[in-house]
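Notes for the structure review
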Amino acid sequence: MGKVTGFLEFERLEEGYEPVEKRVKNYKEFVIGLSTEQAKIQGARCMDCGTPFCNNGCPVNNIIPDFNDLVYRNDWKNAIEVLHSTNNFPDFTGRVCPAPCEAACVLNINNDPVGIKSIEHAIVDRAWQEGWIKPQPAAVKTGKKVAVVGSGPAGMAAAQQLARAGHAVTVFEKNDTIGGLLRFGIPDFKFDKSHIDRRVKQMEAEGVVFKTNTIVGDLPKGSKVTNWAKDTVTPEQLNKEFDAVILAGGAEQSRDLPVPGRDLAGIHFAMEFLPQQNRINAGGKVKDQIMATGKNVIVIGGGDTGSDCVGTSNRHGAKSVIQFELMPQPPEQENKELTWPYWPIKMRTSSSHEEGCEREFAIATKEFIGENGKVTAVKTVRVEFKDGKFIEVAGSEQVLKADLVLLAMGFTNPVETLLSGFGVDKDARGNAKASTDIGGYRTNVGKVFAAGDVRRGQSLVVWAIREGRQAAREVDGFLMGSTTLPR
């Protein structure tokens, strides 16, 4: 373990932020990571519990007590080996994961949990600086070809695992750069895309072929899903040319809000707004960019995507930003006796909220109001959750100014045409129907597998990595009759 009495001696230390007035002037990452000594102290707090709940709290089952101890003992090179044994991309999760492992930390029962995410962040950054992360090409090629549709974290994890197993892997991405929603859905100030770029170079050196600007099948007519493809490949072509296919696209179908006035100009999905800014930050061009500059912005949806819209709107120079959440305001502190080791519902304030945002809870949108075809206001009503449904509070209607409305209420399912193009059965939510049992991730179509949001629905980056790794194991076993890839 770390230091035997470390959890008694040392307090939790949070990563720092650049000052608000400085960071809102640009789109650069602003988190200040732990120093070597600070990470060592955090590692010393780990109790190496007999039953390490953090391992199960982590979707990829990171071997957390081991790398905490290695950091405490200043053995950083072995720490990255342990971290990589379960997680292909700790540089992603060390930045954007909400850290369910910390909620499950035994120390969290009556104290502040170990700063596991900050230690992970420190390990992988140190590993890149020291040059310890190198390509791992397969010594022997199998002659088998695998197509991966979608280049988000699920597709990238599956592709890397299969390439290291000796298969020839080709990743198809409809947009012009790799990363999927990780690249286009998460603002650069939370996650700089250079972290994806260096992993892509590593994977190319391992034999993975990336085909960008290439859509598999087509999108439904009138779709608002981001698509900059120039070339098209049919599902029939992939089935013919490859020995296995993994569908690893995102749950890109945004949840809509069909209330009166929805057709007014100035109302957009978050995934129309956020990808544009990321593309511009990368030096690309966008026609008719959606801008929040000088506008009264209302963000509908209280989750991370809504928070990302808040942060981006503040950087545009919005006049005001209000974020709506349908659910009531959660408590400032969870009842740990009832929730631990599970993810608790409690009040969470993001760095974007701290930059300037009014938050409204238990509020529903009744109507969008406009003039000359453009949105000018939003009519709202307060709601209470009773007997399993939301009830409007009489006399609570109000009208709020709005020049720009961003819908950030989550995602419902993957693009339907991707699944129907392959003839893949769907579950009740419209996701690819593929179990996680032994032989799982395989769909009803012989050699077609599904992983990530396309199979489980909207989820976390860390869940996508887990699914990509597990799907790769199933594909390897399917192609070779057995597999040595880890789950």
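A short tour of the structure in this document, coming up.

Criteria and cut-off values
- Residues numbered from 1 in each chain as written.
- Predicted model: local features only at pLDDT ≥ 70, side-chain atom pairs only at ≥ 80, totals over all residues.
- Heavy atoms only, no water.
- Buried < 20%, exposed > 50% of the residue type's maximum accessible area, 1.4 Å probe, protein only.
- Helix = DSSP H or I, 4+ residues; strand = E, 2+ residues; numbered from the N terminus.
- Pairing = 2+ DSSP bridges.
- Axes fitted to C-alpha atoms, helices over the stretch in contact; angles between N-to-C directions.
- Parallel < 35°, antiparallel > 145°, perpendicular 65-115°, else oblique.
- Left-handed = near helix turned anticlockwise from the far one by under 90°.
- Contact = heavy atoms within 4.5 Å.
- Nonpolar A, V, L, I, M, F, W, Y, C, P; charged D, E, K, R; others polar.
- Salt bridge = Lys/Arg side-chain N within 4 Å of Asp/Glu carboxyl O.

**With respect to the pairing of strand β18 (residues 404-407)**
The alternating pattern of β18 places Leu404 and Leu406 and Val405 and Leu407 on opposite faces, both of which are buried. In this sheet, β18 lies alongside strand β10 (residues 267-269) in parallel orientation, the contact comprising three bridges. Of the residues in β18, the one forming a bridge with Ile267 is Val405. Across four bridges, the pairing between strand β11 (residues 296-300) and β18 is parallel. Each residue of the ladder has a partner; that of Ile298, found in β18, is Val405.

**Quick notes on the packing of helix α10 (residues 153-164) against helix α12 (residues 194-205)**
Where α10 contacts α12, the axes come no closer than 11 Å and their chain directions differ by 25°. As far as their axial angle goes, α12 and α10 are roughly parallel. Note that α10 runs across α12; the crossing there is left-handed. Where α10 approaches α12, its residues Met156, Ala159, Gln160 and Arg164 are matched on the opposing element by Ile196, Arg199, Val200, Gln202 and Met203. Counted by class, the contact of α10 with α12 contains five nonpolar, two polar and two charged residues.

**What to know about the sheet that holds strand β5 (residues 209-211)**
Across a sheet, paired strands are connected by hydrogen bonds in the backbone, their directions being either parallel or antiparallel. With parallel pairing, five strands are arranged side by side in an open sheet as β5-β4-β3-β8-β20. Whereas interior strands pair on both sides, the edge strands pair on one side only; in this sheet they are β5 and β20 (448-450). Averaged over all neighbouring strand pairs, the angle between strand axes comes to 20°, with direction disregarded. In the sheet, strand β3 (residues 145-149) pairs with strand β8 (residues 244-247) via four bridges, with the strands oriented parallel. Looking at β8, one finds that Ala147 is bridged to Val245.

**Description of the pattern of salt bridges**
This structure, assessed with the given rule, holds 28 salt bridges. The shortest N-O distance in the salt bridge between Asp256 and Arg262 comes to 2.7 Å. The class of Arg262 is buried, set by a relative accessible area of 17%. Lys426 serves as the salt-bridge partner of Glu416, at 3.4 Å between the closest nitrogen and oxygen. In this pair, Glu416 sits in helix α18 (residues 416-422) while Lys426 sits in the loop between α18 and β20, placing the two residues 10 residues apart along the sequence. Relative accessible area serves as the criterion here: at 36%, Lys426 is assigned to the partly exposed category.

Limitation: the analysis is restricted to geometry and does not speak to function.
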